[in-house]
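Structural description and commentary
Residue-level listing of the chains:
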Amino acid sequence: MENIQFDLVTEELNPTFLFGVKIDRKESENNYHSHDFPEIGIILEGEGLYHLDDEYIPVRTGDVLIFNPGTRHQSIIGDSDKGRVEFFFGFTDIKFCGMRPNHIDLRDGGNVLHTKGKTQRKIFRICEEMVKENQTRMPGRYFMLKSFLVQLLLNIVREQTGQVELTEGKEFDYAGKKDTAEKIADYLEEHYANKISLDQIAENMYLSPFYISKIFKSEIGESPIHYLIRVRMEKAKALLESGTSLSIGEIAERVGYEDAYHFSKLFKKAYGVSPSKMRKEV
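Notes on the structure in this doc start here. Predicted model only: the values in this text are computed from it and were never measured.

About the criteria used
Residues numbered from 1 in each chain as written. Predicted model: local features only at pLDDT ≥ 70, side-chain atom pairs only at ≥ 80, totals over all residues. Heavy atoms only, no water. Axes fitted to C-alpha atoms, helices over the stretch in contact; angles between N-to-C directions. Helix = DSSP H or I, 4+ residues; strand = E, 2+ residues; numbered from the N terminus. Parallel < 35°, antiparallel > 145°, perpendicular 65-115°, else oblique. Contact = heavy atoms within 4.5 Å. Nonpolar A, V, L, I, M, F, W, Y, C, P; charged D, E, K, R; others polar. Pairing = 2+ DSSP bridges. Buried < 20%, exposed > 50% of the residue type's maximum accessible area, 1.4 Å probe, protein only.

It is at 8 Å that the axes of helix α1 (residues 117-136) and helix α3 (residues 177-190) come closest, and there the two elements cross at 105°. If you check the angle between α1 and α3, you find them roughly perpendicular. Residues Gly117, Lys118, Arg121 and Arg125 of α1 lie in contact with α3, whose contacting residues are Asp179, Glu182, Ala185, Asp186 and Glu189. Grouping the amino acids of the contact of α1 with α3 by side-chain chemistry returns one nonpolar, one polar and seven charged.

What follows covers the sheet that holds strand β6 (residues 73-76). Note on sheets: strands pair through backbone hydrogen bonds, and any given pair is parallel or antiparallel. As summarised here, the arrangement of the three strands in space is β4-β3-β6, forming an open sheet in which the pairing is antiparallel. Of all the strands in the sheet, the pair left with one neighbour each is β4 (55-59) and β6. The average undirected angle you get between the axes of adjacent strands in this sheet is 25°. With four bridges connecting them, strand β3 (residues 48-52) and β6 associate as antiparallel partners.

We now examine the sheet that holds strand β7 (residues 84-92). Read across the sheet, five strands follow the order β1-β7-β2-β5-β8 without closing on themselves; strand pairing throughout is antiparallel. Looking at strand neighbours, the two that pair on one side only are β1 (16-25) and β8 (112-114), the edges of this open sheet. Looking at each pair of strands side by side, their axes are set apart by 20° on average, direction ignored. Of the strands in this sheet, β1, β2 (39-45), β5 (63-67), β7 and β8 touch helix α2 (residues 141-159), which is tilted by about 80° from β1.

You will see that Asp53, though not glycine, has its phi angle at about 50°, which is positive. Mapped onto the elements of the fold, Asp53 is located in the loop between β3 and β4. Even without being a glycine, Asp54 presents a positive backbone phi close to 65°. With respect to the element layout, Asp54 can be found in the loop between β3 and β4. By relative accessible area, which is 61% here, Asp54 ends up exposed.

Summarising burial for β7: nine of the nine residues are buried, a large majority. Bridge analysis of β1 against β7 gives nine bridges, and the strand direction is antiparallel. In the sheet register, Phe17 faces β7, and the bridge partner there is Phe91. Two strands pair when backbone bridges link them, and β2 and β7 are joined in this way by six bridges, in the antiparallel orientation.

This is the structure:
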């Protein structure tokens, strides 16, 4: 019989939580430094460079940075960068199967795990919950923060132990409401620039569009169309803030809209300013 309890660890997973902090970074870290304990950095928003073990590594939203003991690192903000939002967890006393004590060893031997879709959403939610817990200052706060750390570690290590990739034509195999909603969200995030039909998605899943919408809203918290619009607006905002020379019409096409006027109305509704005005303000 498979030992479910100890399939990733050889004994109880009981890390010591040291800290968790969210940083809205506008300037580079002062010191190129290391720790004698493991630390995890998460890029919640933005992109740029990290000075990491004598290399300069590009990072972007969703990247998880593993700073094992002795790993020298420094967050770099260049003159043209817009800054980054980063979250850091410090901890100790871990040992995962096949990994060194107090280390998280990535499959490629590097220090950066690129996440997207379901895994990225889970990790971002953990960071959000930790921020809320820090703000409440409720009794038992340490143990709540420690529980979030355990969730984060397990999500990262699961990624390193053979996650099954979806194959072409199998995006929507039905495996429960939550899994179905997550797969739809993944699909919308990966294909936001294309024409997307709820009827087509429903047909691939052998379910009705109404039922698809109901499942998605109950699990994700908003309808598929609102989720798709939000993803498209976030992508458009990132393009505008990057200083691109693309026209508003070209940006609209890049994020899945043929009608630039319709795109501009949606953008203004989402951010309170038109795409043109946001470009001027950047």
